[in-house]
Amino acid sequence: MSAAPTTTRVEAPAARRVLAQARFEALGLLRHGEQLLVSVVLPVLALVGLSLVAFPELAVGRWSGAARIDVLTPGVLALTVLSTAFTGQAILLGFERRWGVLRLLGTTPLGRGGLLLAKTTAVLAVLTLQLLLVGAVALVLGWRPALAGVLPAVLAVGLGALALVALAACVGGALRAEAVLALANLVWVLLAGFGGTLLPAAALPAGPLLSLLPTAALGDALRDAFVLGSWNWPALGVLLLWGLLAGLLARRLLRWSD
Amino acid sequence: MSQGASRPCAVELHDLTRSFGGTTALRGLTLDARGGEVTCVLGPNGAGKTTAVEIAVGLQRPDGGQARVLGRDPWGAGAAHRDRVGVMLQDGGLPQAVTPQALLPHLARLYSRPLDVPELAGRLGIPAFGRTPVRRLSGGQRQRVALAAALVGDPDVAFLDEPTAGLDPHARREVHTLLREVAGHGTATVVTTHSFEEAQRLADRVAVVVDGRVAALGSVEDVCLGAGATGLEEAYFALTDGAAR
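Everything numeric in this text was worked out from a predicted model, so none of it was measured.

## With respect to the overall build of chain A
For step 1, the next point in the chain: Within chain A, the regular secondary structure consists of 10 helices and zero strands.
For step 2, the next point in the chain: Shown N-terminal to C-terminal, the secondary structure of chain A runs as helices and strands in the order α-α-α-α-α-α-α-α-α-α.
For step 3, the next point in the chain: By its C-alpha atoms, chain A is 70 × 30 × 30 Å across when sized along the principal axes.
For step 4, the next point in the chain: Put simply, chain A has 258 residues, and 53% of those count as buried.
For step 5, the next point in the chain: Nonlocal contacts in chain A, meaning residues at least 24 apart in sequence, comprise 78% of its contacts between residues at least 6 apart.
For step 6, the next point in the chain: Total accessible area on chain A stands at roughly 11200 Å², and carbon and sulfur atoms take up 74% of it.
For step 7, the next point in the chain: Positive and negative charge centroids in chain A, built from 18 and 10 side chains respectively, lie 9 Å apart.

## Looking at the nonpolar core
Residue and element names in this part refer to chain B.
For step 1, the next point in the chain: V11, L13, F159, V206 and L232 are the most contacted members of the largest nonpolar core, which has 97 residues in total.
For step 2, the next point in the chain: A total of seven residues in this core trace back to one element, the largest contributor, which is helix α6 (residues 139–151).
For step 3, the next point in the chain: Ignoring sequence-local partners within four residues, the contact set of L232 consists of L42, F196, A199, Q200, V206, V220, V223 and C224.

## Things to note about a nonpolar patch on the surface
For step 1, the next point in the chain: A surface patch of nonpolar side chains, amounting to about 450 Å² of accessible area, comprises L175, L183, L186, L190 and F194 of chain A.
For step 2, the next point in the chain: Within the secondary structure, L183 of chain A is located in helix α7 (residues 177–194).

## Focus on the packing of aromatic side chains
Each aromatic ring pair is described using two quantities: the centre-to-centre distance and the angle formed by the ring planes.
For step 1, the next point in the chain: Scanning all chains against the criterion turns up six aromatic pairs over all chains.
For step 2, the next point in the chain: Relative to Y236 of chain B, the ring of F196 of chain B lies with its centre 4.9 Å away and its plane at 65°, an arrangement referred to as edge-to-face. With F196 of chain B in helix α8 (residues 196–202) and Y236 of chain B in helix α10 (residues 232–240), the pair connects residues that are 40 residues apart, well separated along the chain. Considered together, F196 of chain B and Y236 of chain B belong to a single accessibility category, that of buried residues.
For step 3, the next point in the chain: Members of the aromatic cluster, each reached through a chain of ring pairs, are F196, Y236 and F237 of chain B.
For step 4, the next point in the chain: Cation over ring: R223 of chain A sits above W63 of chain A, and NZ or CZ is 5.4 Å from the ring centre.

## Some remarks on helix α9 (residues 220–227) of chain B
Residues and elements named next belong to chain B.
For step 1, the next point in the chain: All of the buried residues along α9 are V220, V223 and C224. Looking straight down α9, one finds its buried side chains confined to an arc of 95°; they lie on one side. When the buried face of α9 is taken as reference, the exposed residues oriented beyond 90 degrees from it are E221, L225 and G226.
For step 2, the next point in the chain: Turning to α9, the residues buried within the fold contact α8, β8 (205–210), β9 (213–218) and α10.
For step 3, the next point in the chain: A positive phi of about 65° marks G228, the residue just after α9.

Reading guide: rules and limits
Residues numbered from 1 in each chain as written. Chains lettered and ligands numbered in written order. Predicted model: local features only at pLDDT ≥ 70, side-chain atom pairs only at ≥ 80, totals over all residues. Heavy atoms only, no water. Helix = DSSP H or I, 4+ residues; strand = E, 2+ residues; numbered from the N terminus. Buried < 20%, exposed > 50% of the residue type's maximum accessible area, 1.4 Å probe, protein only. Contact = heavy atoms within 4.5 Å. Areas by Shrake-Rupley, 256 points an atom, 1.4 Å probe, with all protein chains shown as cover. Lys, Arg positive; Asp, Glu negative; His and termini not counted. Charge placed at Lys NZ, Arg CZ, Asp CG, Glu CD. Core = buried A, V, L, I, M, F, W, Y, C linked by side-chain atoms within 4.5 Å. Patch = residues over 30% accessible without salt bridge, like charges linked within 9 Å, V, L, I, M, F, W, Y side chains within 5 Å. Salt bridge = Lys/Arg side-chain N within 4 Å of Asp/Glu carboxyl O. Phe/Tyr/Trp six-rings, centres within 6.5 Å; stacked < 30°, edge-to-face > 60°. Lys NZ or Arg CZ within 6 Å of the ring centre and 35° of its normal. Arc of directions from axis to C-beta.

Structure representation (structure tokens):
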């Protein structure tokens, strides 16, 4: 074995290590069957299924009068972000702690900070692909988004993903893996159905209160962006606040081993 | 010993203390390891071996005492330091869904001066199961992948927590040969083990950890002499009887 230290060490740039890890993580996410089921298949099924029926009413409040598919699609995009950034990451984190993966990678030159950065980059990269796929299916189904809404939507997805990843770190970084699995799936079901994600908070009882949830804020910001072509600053503010609070909480709660 | 004593200390753990709630893991553990040597750390379960290793690799912070690895405090040491340290944890730490064939080249990319991955994997017999996801590997196969992961960065210091646990005799012999070669190239190699045979065969120096302290440290002969024993096994039991939990 060529174990002799024949060359001097020239440390690889931190960005290169982070990008290598991000690529590794992203490929892992894309190859993970269960993960793809939750983050792609279920959102696409929700998109197709809800576009074929007239119930429940989605075009409510300021979106009334809009085509059903135009109000539905932003909600499905929000559901995709919830699936990948929260449910998938929380479960992955819980089991990686159990297996000792986080501790081992923390001892490599990547380090803990680099690992978190790589995971976030991987989530954003995978989300981009997923959103493009869901968007393409929606276009086939007749979705006509307001082009002026692309920029606010990108910002909303970015803020939403960061807030939900931070929440995933709070759950996946603190509880036992089995508990994370159960809780993350339960939260997904509740937030998908009653968290202002697919159905606008305005269509649900206690709508004003629900609109403070990160999923409702993300859904509303995307609906305003793609239906009305406008910026929903209060919703973006809610997402920013969730991101900051959950990030601070994650710093306290995140443990690197089970 | 005189040759070893002239080598620089790569690992210096001095008077380490560490408690978890009401349990005291380390009670003033002092240990050093030198470049080019294999230091085997023996001790009963719960003696503090793994805690000492985890402090040395920066995964835990001691409550008291001082840890220096390659001249630096490992707690919070930067990427340049971690680039020179190889770690094999007791729980492996391998992602379960990936194959060794994908994992090892990826880990090599994180280091500035990686070893030749196919050559290293070949030495450990990994190609035979290289396309199988880690979760489907046997315990011994996982051990070999974890050992390769620890050595792939061509470390100046390697901490290996029970690297031969679960290996068959042929694989164990190959690992011993590999570790002697690694040490021969100047790496300070710290190996925790429960095997007297392994320590006897591998170690330039042996440390016997009992109840959070090092009860004996030196060559196998020195440890035996100090314990008034004729062999390492006898010395071990003389030092640890009554302390095993």
